[in-house]
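Chain and residue survey
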Amino acid sequence: MTTRTSRSRALGVAALVTGSLLVQPATAGARGQAHLDPGTTPLLTVGGLTFKDHDRDGALDPYEDWRRRPAQRAADLVAEMDLAEKAATMVHGTAPVPWGPPGATPAYDEPAARQLVLERGVTSLLTRLSGPARVLAEQNNALQDIAAEGRLGIPLTISTDPRNHFQSVAGASVPAGSFSQWPEPLGLAATRDPGLVRRFGDVARREYRSVGITTALSPQADLATEPRWSRINGTFGEDPAVVERMAGEYVRGFQGGRGIGGRSVLAVVKHWGGYGAAEDGFDSHNPYGKYAVFGSDDAFRTHLDAFQGAFDADVAGVMPTYSIVRGATVDGAPLEQVAAGYNRQLLTDLLRERYGFEGVVLSDWGITEDCVDACLEGAPPGQQPSFVGFGAPWGVEQLTRVQRFAKGIAAGVDQFGGTDDPAAIVQAVADGLVSEERVDRSVARVLQQKFAQGLFEDPYVDPAEAERTVGRAEFQAAATRAQQDATVLLANASTRPGRGEHGRAAAGEAGRAGEAGRRGEAGRKGGRGGKGLLPLAAGTRVYLHGVSREAAESAGLTVVDTPQEADVALARTGTPYETLHPQYVFGRMQHEGNLAFEPGQPDFDAIAALSARLPTVVSVYMDRPAVLTRLLPEADALLADFGITDEALAQVVRGTAEPRGRLPFELPSSMAAVEAQRPDLPADSAAPLFRIGAGLRY
């Protein structure tokens, strides 16, 4: 039974969560009947209108009344919940999948899911499931059926890491599969087209919602100021103005405009607090990369201000970084040396109060979990070989689990990612470390967004419609054009009389592109040179390295089997990297260390051998800023791509599509320059080979 005290507290919660956050009711309200898909939930008829009886008590509770505003409904539901149910709303688990043979039909582990949702009360789950759209829709509907059996019938929020791009790293992104495949966010930034970014978000929103995914754990508004950092591919680069604008349009695309409505996918911008200033470029998923380093408060504010575009779009959520931020102060006080998810200065003093964010703060995955002994400060290098037992409690390693939850809540976290056991939150309240009123505020924020999305009325999707929507031909056509538009032409030598002159011609093109980028003229008349090697004429005989024969032939090129038969060589490669920490699960997957092309690397040696024989076109996939100083003289034409199929690339090479991109970061001239630059400042390496904005046109 709801008491007078709990009802009064609920009214207070409603006042706290409404604020200026733009949240629109997802239902028809006074204009008519809301669309309901009851699933297994009973229906009620009141005054000629129909409602879902989520708690199955035969009466219309205020939270079941779709005519009321989301904040009012959230406040009433909070008042109906017991502490265990509230605590369960504050965790964001991962939908379990069974172990199975490769190629098995993707599916959730239903018994494990029932335990999470019905026994523990979890109502937010990350999906890593990949497969046919129809199957994803059916599986997510099955999860919602389980949730409908709960005492209060609270529907699930189903979230995902990015899944519309090329690079896939377990724990950070999902293979595109049947979804439309767009360039990495770096490539979207390279187009300098905010409208394109918004169109991408709109397409992804429609694909996500069609399969039952309602939250995107993206975009990254991190400034990519440390060239060696392994998470750069998911950012919009290192130009603060570009990052701010693109992040805002990304949010508007996913949320369907400004704020949250009935067809929104909630966007969670990340990773608040300076993630991109990674010390030595090592990522803070790992204990050896736990620090972000700043040399001034001005640089720190530049990293934070890049999030302003997302805030202006009323982004639904913010995810703090794993990193401990060194070298920055807030109101003259040094930042506490704990990860951002535990840092009240970052989450309350700055995010809530100074930047005015009113949505949900969702921690990154596993910050409350223990780390193995070797992760502790001062311990010898150890191992974290798998996701089992993964934890990233940086700065609070010595606290108990209950103390970690209490500290995170006190800092400003509303929901904890990567955990599905709410018992520690219940214990923190019992121990007097957290007040139930504080818990109520976080729970109301989470529930208000569910109501605004219309999930209480219709959490289900049509599997047949999902099949028609995901990867639709028009979506993929737009994605392919974006891959091509994002490609950057860095060099296009017009002559090749000899080895020495070939190198000077390519280097001259590089200088013109870099200078054009510095002046902001890339792609205009000042950025053009004379007729270059590209585009290739139809029928040009090409020898291929790393490009499919079918793709080249479909573009009108003649593929030959030996360099001796060819007019031109066409090669693809990627930015160099090292695997420096294979004993750690993320260190084993992430690209670290060296960025420079040099002899001894198989791709470099193959390209150099081809270049010694005939004109050579090279496309480099840039998930980080490559050092091209040794490669440039070996390429008559040099392209940077950010995720492009062989077919789309072959069309660019032929000229049936044109590279229009401009670099979203500078390309350093040497690893010495990389090591000497500051990790917190954009575009500050000495004598870069190419500046931000560089890019030629045909």
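All of the points below concern the structure found in this document. Keep in mind that what you see is a predicted model, and the values were worked out from it rather than measured.

Rules and cut-offs
Residues numbered from 1 in each chain as written. Predicted model: local features only at pLDDT ≥ 70, side-chain atom pairs only at ≥ 80, totals over all residues. Heavy atoms only, no water. Buried < 20%, exposed > 50% of the residue type's maximum accessible area, 1.4 Å probe, protein only. Helix = DSSP H or I, 4+ residues; strand = E, 2+ residues; numbered from the N terminus. Pairing = 2+ DSSP bridges. Arc of directions from axis to C-beta. Contact = heavy atoms within 4.5 Å. Salt bridge = Lys/Arg side-chain N within 4 Å of Asp/Glu carboxyl O. 1 Å grid on protein atoms, 1.4 Å probe; cavity = no way out; pocket = protein on both sides within 12 Å on 5 of 7 lines; lining within 4 Å. Points joined across faces, edges and corners; volume = space filled by probe spheres on them. Nonpolar A, V, L, I, M, F, W, Y, C, P; charged D, E, K, R; others polar. Axes fitted to C-alpha atoms, helices over the stretch in contact; angles between N-to-C directions. Parallel < 35°, antiparallel > 145°, perpendicular 65-115°, else oblique. Left-handed = near helix turned anticlockwise from the far one by under 90°.

A few points about the pairing of strand 19 (residues 616-621)
Summarising burial for strand 19: 6 of the 6 residues are buried, a large majority. Neither face of strand 19 is open: one carries Thr616, Val618 and Val620, the other Val617, Ser619 and Tyr621, and all of them are buried. Both strand 18 (residues 568-574) and strand 19 contribute to a ladder of 6 bridges, which runs parallel. Note that in strand 19 the partner of Ala569 across the bridge is Thr616. Strand direction decides the pairing type here: strand 19 and strand 20 (residues 637-641), joined by 5 bridges, are parallel. Counterpart to Val617 in the pairing with strand 20 is Ala637.

Some remarks on helix 13 (residues 423-430)
In an α-helix, one turn spans 3.6 residues; hence positions three or four apart end up facing the same way. Of the residues making up helix 13, those classed as buried are Ala424, Ile425, Ala428 and Val429. Buried residues in helix 13, looked at end-on, bunch into an arc of 140°, giving them a common side. Contacts made by the buried residues of helix 13 are with helix 3 (83-89), strand 3 (91-94), helix 12 (401-411), strand 14 (416-417) and helix 14 (436-452). After helix 13 finishes, the residue Gly432 shows a positive phi value of roughly 80°.

Let's talk about the pattern of salt bridges
Here the structure, examined in full by the defined rule, presents 36 salt bridges. As a salt-bridge pair, Arg404 and Asp370 come within 2.8 Å of each other at their nearest N and O atoms. Of this pair, Arg404 sits in helix 12 while Asp370 is found in the loop between strand 13 (360-361) and helix 12, placing the two residues 34 residues apart along the sequence. Overall, Asp370 belongs to the exposed group, its relative accessible area being 51%.

A closer look at the side chain of Thr89
The topology assignment puts Thr89 in helix 3. Filtering out sequence-adjacent residues up to four positions away, Thr89 remains in contact with Met81, Thr123, Gln415, Val443, Val446 and Leu447.

Observations regarding empty space enclosed by the protein
Going through the model one piece at a time under the given rule, you end up with 3 cavities of 30 Å³ or more. Lining of the largest cavity is provided by 14 residues; of these, Thr215, Leu266, Val360, Gln415 and Gln449 occupy positions nearest its centre. Looking at the lining of the largest cavity, the elements that each hand over two or more residues are strand 7 (266-272) and helix 14. Of the residues forming the lining of the largest cavity, the biggest block, 3 residues, is contributed by helix 14. Split by residue class, the lining of the largest cavity holds 6 nonpolar, 7 polar and 1 charged. As a volume, the second largest cavity reaches approximately 80 Å³. In terms of lining, the second largest cavity is formed by 14 residues, of which the most central are Gln144, Ala148, Gly153, Pro155 and Pro459.

Quick look at the packing of helix 4 (residues 110-119) against helix 5 (residues 133-148)
Look at helix 4 against helix 5: their axes get within 9 Å of each other, and the N-to-C directions meet at 40°. Comparing their axes, helix 5 and helix 4 come out oblique. Every pair of crossing elements has a handedness; the one defined by helix 4 and helix 5 is right-handed. Of the residues in helix 5, those touching helix 4 at Glu110, Ala113, Arg114, Val117 and Leu118 are Leu143, Ile146 and Ala147. Split into classes, the residues belonging to the contact of helix 4 with helix 5 amount to 6 nonpolar, no polar and 2 charged.

Side note on the sheet that holds strand 14
Across the sheet, which stays open at both edges, the 8 strands sit in the order 13-9-7-6-5-4-3-14 with parallel pairing between neighbours. The open sheet is flanked by strand 13 and strand 14, the only strands paired with a single partner. Note: strand 6 (residues 215-216) against strand 7, 2 bridges, orientation parallel. Note that in strand 7 the partner of Ala216 across the bridge is Ala267.

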